[in-house]
Amino acid sequence: VQLQACGGGLVQAGGSLRLSCAASGLSIINYATAWFRQAPGEEREFVSGISESGNSTYYADSVKGRFTISRDNAENTVYLQMNSLKPEDTAVYYCAARWSRVSTVYSSRRDYIHWGQGTLVTVSS
């Protein structure tokens, strides 16, 4: 199983980025997936998640209304569209996946078994 995250970079405040998480060795239609982030000196925190059915999504309050999680089942890829970026969004972003059959979004990092390598997002003021 491999989760390959990409799409990070340097962007000015107010700008946008789209992160991608390409999965191999698993089918995302059977896995709840999520994005977490970790800023320097901070704990890894939940950003957004989507259920294996794709019917449920959930966002941290800090990104609600600015970030959108989505996925392409045919490409076996999960996306995170990030708009109106702020300097406090600067972090390494990780995608994660866990097998699921209950159409639930999991927001605790302890719930996830598979992790990607992370992609750095830097937002300048």
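Each remark here, short or long, concerns the structure printed above.
A quick note: this is a predicted structure, and the numbers were derived from the prediction, not measured. (Residues numbered from 1 in each chain as written. Predicted model: local features only at pLDDT ≥ 70, side-chain atom pairs only at ≥ 80, totals over all residues. Heavy atoms only, no water.)

1. Describing the overall build of the protein chain
Right, on to step 1. Secondary structure assignment for the protein chain yields zero helices and 11 strands.
Right, on to step 2. Ordered by position in the sequence, the α and β elements of the protein chain form the string β-β-β-β-β-β-β-β-β-β-β.
Right, on to step 3. The C-alpha atoms of the protein chain give a radius of gyration of 13 Å, which matches the 14 Å a tight globule of 125 residues would have.
Right, on to step 4. For the protein chain, the spread of C-alpha atoms along the three principal axes comes to 40 × 25 × 25 Å.
Right, on to step 5. Taken over 125 residues, the protein chain has a buried fraction of 44%.
Right, on to step 6. The contacts in the protein chain between residues at least 6 apart in sequence include a share of 60% that link residues at least 24 apart.
Right, on to step 7. Carbon together with sulfur atoms contributes 46% to the accessible area of the protein chain, which is approximately 6,200 Å² in total. (Helix = DSSP H or I, 4+ residues; strand = E, 2+ residues; numbered from the N terminus. Rg over C-alpha atoms; globule rule 2.2 N^0.38 Å. Buried < 20%, exposed > 50% of the residue type's maximum accessible area, 1.4 Å probe, protein only. Contact = heavy atoms within 4.5 Å. Areas by Shrake-Rupley, 256 points an atom, 1.4 Å probe, with all protein chains shown as cover.)

This is a description of form; function is not addressed.
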